[in-house]
Amino acid sequence: MSELSMEWWVAQRPERVFAAIEDPFQMRRWYGAVPGGQRLGEVGDAEAGEPFQVNVLDAKGVLRTQTGRILEVSPGRGFLMELAWDGGELGRDTTRLSLELEPSGDGTRIEVRQGPFSSPELLAVYRAYWEANVGRLIRVASGEAVPCFEEFWEESGGYVEPLGLAAYTVLAGMKEAGVPPETLAQLEETLYTHLARVPEETAGVLGAVLRERLKGMLSGGG
């Protein structure tokens, strides 16, 4: 049996980092997705301490489910939870995770501890998982607009025809890139002038949305 212990530092106060954890609209931008994958959504009420599920697509496009339960929350300081996955690279071990925030100089030290793990290989996979998740947390807490699959998915709910999908992908990407609203209205000009501004990461998320929408269309879904 083994335990994972990792630390990061971010130039933001603990209150700001905790806000990115507590606010569900910020949390969905950083928590849950495996490296190379996308978070699809959450079911349940994590705040009430009841079991909840986070559904993700892994790097191979396979649906995976994380089951978790918040055991304790320390406002402004972090939380304690237990979690497990339905298999895949993250295995089926049920572990306990603590994420703690401590003031450190002009910023915050973020500490993650998790275990026990049944093998060193599983611990290594979780190390990569938290590098990705806490890396996004630091970006969100620092005010960066991290691309969010769930947000794009919700915004594209009314676009079910191929042309609508294409238009949505372009417009949402330009919106994420910071194109002014008045420019968005000029579709042709924006298409040729600003598409190159879409960051590679955003393009990847938009591509995942488009692939899932197309899967739904081909299978008869909306």
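Described below are features of the structure shown in this document.

1. Considering the pairing of strand β5 (residues 78-85)
Stage number 1. With six of its eight residues buried, β5 lies for the most part within the structure.
Stage number 2. Joining the antiparallel neighbours strand β4 (residues 63-74) and β5 is a turn of three residues, in which G76 adopts a positive phi near 80°.
Stage number 3. Pairing analysis gives six bridges linking β5 to strand β6 (residues 95-104), with the strands arranged antiparallel. Directly across from L83, in β6, lies its bridge partner T95.

2. Remarks on the nonpolar core
Stage number 1. Residues I110, Y126 and W130 are the most contacted members of the largest nonpolar core, which totals 37 residues.
Stage number 2. For this core, the secondary structure elements donating two or more residues are β1 (2-10), α1 (14-22), β3 (52-57), β5, β6, β7 (107-117) and α3 (120-141).
Stage number 3. Residue contributions to this core peak at 10 residues, all from α3.
Stage number 4. Once residues within four sequence positions are removed from consideration, I110 is found in contact with M6, E7, W8, V10, V17, L99, E100, L101, V134, L137 and I138.
Stage number 5. Counting seven residues, the second-largest nonpolar core is a separate cluster that includes A172, L206, A208 and V209.

3. Some points on α3
Stage number 1. In this model, α3 (22 residues) spans 31 Å end to end at C-alpha, consistent with the 32 Å of a helix rising 1.5 Å per residue.
Stage number 2. Along α3, the residues classified as buried are L122, L123, Y126, Y129, W130, N133, V134, R136, L137, I138, V140 and A141.
Stage number 3. With its phi angle positive at about 90°, G143 sits one or two positions after the end of α3.

4. Details of α1
Stage number 1. Taken together, the buried positions of α1 are occupied by P14, V17, F18, A20 and I21. All buried residues of α1 lie within an arc of 155° about the axis, which places them on one face of the element. α1 presents E15 and E22 as exposed residues on the side facing more than 90 degrees away from its buried surface.

Calculation rules
- Residues numbered from 1 in each chain as written.
- Predicted model: local features only at pLDDT ≥ 70, side-chain atom pairs only at ≥ 80, totals over all residues.
- Heavy atoms only, no water.
- Buried < 20%, exposed > 50% of the residue type's maximum accessible area, 1.4 Å probe, protein only.
- Helix = DSSP H or I, 4+ residues; strand = E, 2+ residues; numbered from the N terminus.
- Pairing = 2+ DSSP bridges.
- Core = buried A, V, L, I, M, F, W, Y, C linked by side-chain atoms within 4.5 Å.
- Contact = heavy atoms within 4.5 Å.
- Expected span 1.5 Å × (residues − 1).
- Arc of directions from axis to C-beta.

Nothing here speaks to function; it is geometry throughout.
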